[in-house]
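Structural description and commentary
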Amino acid sequence: MTWAVGRTGEAAWIAPPKVTLSTISVYPANTATGFATAARLGYDGVEVMVTNDPVSQSIDSLRRLRDGLGLPILAIHAPCLFWLNLQRVWGTEPWAKLVKAREAAEALGANTVVVHPPFVWQSKYAADFVTGIKRMQNETDIRFAVENMYPWRARRIVNERGVEAYAPGWDPTEQDYPNFTLDLSHTATARNDTLAMLDRMGHRMTHLHLADGSGSNADEHLVPGRGNQPCAEILGLLGRNGFTGNVVLEVNTRRAVDVEARDADLHEALLFARRHLVTGAVERTPVAEISANNQ
């Protein structure tokens, strides 16, 4: 339901952002299962994680899933994940992967390509990454949203020290990227101030990976509300301030004992997101203040 915007200075609200499901949320099940799960549970769309699954790499296959289920594709996650061994998906050249991700987004009606910072061993790619992302952003309306990561930590060392695995760094707010993805599991693993990071990202935070974490060394991607991240507070802020970007559930369900348990986790996550986005929208900031903040 969308309310008409009131006169300047009046409190008003519009429909909260759509809530979509990342296909990686059903891993190790495949991309088609991710689409079917999102449709069955009532998600508003999907983010496609490009993996070793050939369907995730094929524009034609993704288009058939989208059209067959009537489920929009709102984002393409470029194949960046180290733990899934995606170094050869869409070739080995990092910039070519981003070009393919942009082409998929344009062909499928998505508005965002999610990308991780380079690994430190990708020295040539890393040296040109900031200027290269800006250059690619200037060539398209698709948003290249660089995601916050975290320092890698040795698990069996008492005095843990973070190891820098990314270049120019795991915190994208240290660079002048046009768009950001805020991942709330990664903020937990990094143990940084999540609200401060959101504040640094400001209006350039156009994509939210909604999950939770406890602050362990593992990147947990818990169902929101099961960790220590301010998930409800951030959703409320987005709802109040007329956020027009994407809210994507990226949850780890690998411990679910069966499909019913996995569905229960993802349904709980969807209800959590919608409840707190709507609460924020009902309490939405007056129109004049929103306009001032977006200038």
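The structure this text deals with has already been given above.
1. Points about helix H8 (residues 194–201)
The complete set of buried residues in H8 reads Thr194, Met197, Leu198 and Met201. Buried residues of H8, seen end-on, are gathered within an arc of 100 degrees and therefore sit on one face of the element. Those residues of H8 that are buried lie in contact with strand S8 (179–183), helix H7 (184–190), strand S9 (205–210) and helix H9 (231–240). Among the residues of H8, the N-terminal cap falls to Asp193, whose side-chain oxygen and the backbone nitrogen of Leu195 are separated by 3.2 Å.

2. Digging into unusual backbone geometry
Cis peptide bonds are those with omega within 30 degrees of zero, and the linkage from Tyr27 to Pro28 qualifies with 15 degrees. Across the junction of Ala167 and Pro168, the peptide omega takes the value 5 degrees, indicating a cis bond. Unlike most non-glycine residues, Trp90 shows phi in positive territory, near 60 degrees. Relative to the assigned elements, Trp90 resides in the loop between strand S3 (73–77) and helix H4 (94–108). Positioned with a positive phi, His221 is a non-glycine residue whose angle comes to about 55 degrees. Counting through the fold element by element, His221 comes out in the loop between S9 and H9.

3. Side note on the side chain of Ser185
Note that Ser185 resides in helix H7. Polar side-chain contacts of Ser185 include one of 2.5 Å to the side chain of Asp219. The contacts of Ser185, once residues within four sequence positions are left out, are Ala211, Asp212, Asp219, Glu220 and His221.

4. Remarks on the environment of Lys100
Structurally, Lys100 is set in helix H4. The exposure class assigned to Lys100 is partly exposed, which follows from its relative accessible area of 36%. Sequence separation between Lys100 and Ile59 is 41 residues, and the spatial gap between their C-alpha atoms is 9.9 Å.

5. Observations concerning the pattern of salt bridges
Following the criterion strictly, the structure yields twelve salt bridges and no others. The salt bridge partner of Arg102 is Glu139, with a shortest N-O separation of 3.7 Å. Of the two residues, Arg102 sits in helix H4 while Glu139 sits in the loop between helix H6 (129–137) and strand S5 (143–147), which places them 37 residues apart along the sequence. Judged by its relative accessible area of 15%, Arg102 is buried. When its relative accessible area of 52% is taken as the criterion, Glu139 is described as exposed. Overlapping salt bridges bring together Arg102, Glu106 and Glu139 as one network.

6. A look at the environment of Arg262
Position of Arg262 relative to the elements: it lies in helix H10 (residues 259–282). By relative accessible area, Arg262 is classed as buried at 11%. Separated by 225 residues in the primary sequence, Arg262 and Thr37 have C-alpha atoms spaced 9.4 Å apart. Discounting chain neighbours no more than four positions away, the residues touching Arg262 are Val26, Ala29, Thr33, Thr37, Arg40, Thr253 and Ala256.

Calculation notes
- Residues numbered from 1 in each chain as written.
- Predicted model: local features only at pLDDT ≥ 70, side-chain atom pairs only at ≥ 80, totals over all residues.
- Heavy atoms only, no water.
- Buried < 20%, exposed > 50% of the residue type's maximum accessible area, 1.4 Å probe, protein only.
- Helix = DSSP H or I, 4+ residues; strand = E, 2+ residues; numbered from the N terminus.
- Arc of directions from axis to C-beta.
- Contact = heavy atoms within 4.5 Å.
- Polar contact = N/O pair within 3.5 Å; in protein donor to acceptor, adjacent residues only side chain to side chain.
- Salt bridge = Lys/Arg side-chain N within 4 Å of Asp/Glu carboxyl O.

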